[in-house]
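Below, each chain spelled out in residue letters.
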Amino acid sequence: MTRRAVAAIACVMLAALLAFDLAAVPPNPYDAPALFALGSGAAPVGGFCGAPASVPGN
């Protein structure tokens, strides 16, 4: 396979993934969390991937 064929396959696969994602759940900008909520009173939502796992019994 040539470099051009691999690049074309990668682009087609990326486009297919993007099309599948957009078809599965249409984007809703009003449902997205605020990018910066400094002083807005909105409670932080979500988790932190680097947080230690909770240990049962503590």
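> Describe the overall build of the protein, naming the residues involved and giving the relevant values.
When you go through the protein residue by residue, the secondary structure sums to one helix and zero strands. A total of 58 residues make up the protein; the buried ones form 0% of that total. Per element, the accessible surface of the protein, about 5900 Å² overall, is 70% carbon and sulfur.

> Which residues make up the UniProt feature "signal peptide" (unreviewed entry) in the protein, and what values do they have?
UniProt records the feature "signal peptide" (unreviewed entry) for residues 1–23 in the present numbering. When the span residues 1–23 is considered, its composition is 91% helix and 0% strand, and the gap between its end C-alpha atoms is 31 Å.

> Please provide a residue-by-residue account of helix α1 (residues 3–24), values included.
For α1, spanning 22 residues, the distance from its first C-alpha to its last is 32 Å, which sits close to the expected 32 Å at 1.5 Å a residue. The element α1 is largely exposed, with a buried count of zero among its 22 residues.

> A description of a nonpolar patch on the surface should follow, citing residues and the corresponding values.
On the surface, a nonpolar cluster with roughly 470 Å² of combined accessible area is contributed by M1, V6, I9 and M13. By secondary structure assignment, the location of M1 is in the segment before α1. Using a relative accessible area of 83% as the deciding quantity, one classes M1 as exposed.

Definitions and cut-offs
- Residues numbered from 1 in each chain as written.
- Predicted model: local features only at pLDDT ≥ 70, side-chain atom pairs only at ≥ 80, totals over all residues.
- Heavy atoms only, no water.
- Helix = DSSP H or I, 4+ residues; strand = E, 2+ residues; numbered from the N terminus.
- Buried < 20%, exposed > 50% of the residue type's maximum accessible area, 1.4 Å probe, protein only.
- Areas by Shrake-Rupley, 256 points an atom, 1.4 Å probe, with all protein chains shown as cover.
- UniProt positions renumbered as here; feature names shortened; annotations may be inferred.
- Expected span 1.5 Å × (residues − 1).
- Patch = residues over 30% accessible without salt bridge, like charges linked within 9 Å, V, L, I, M, F, W, Y side chains within 5 Å.
- Salt bridge = Lys/Arg side-chain N within 4 Å of Asp/Glu carboxyl O.

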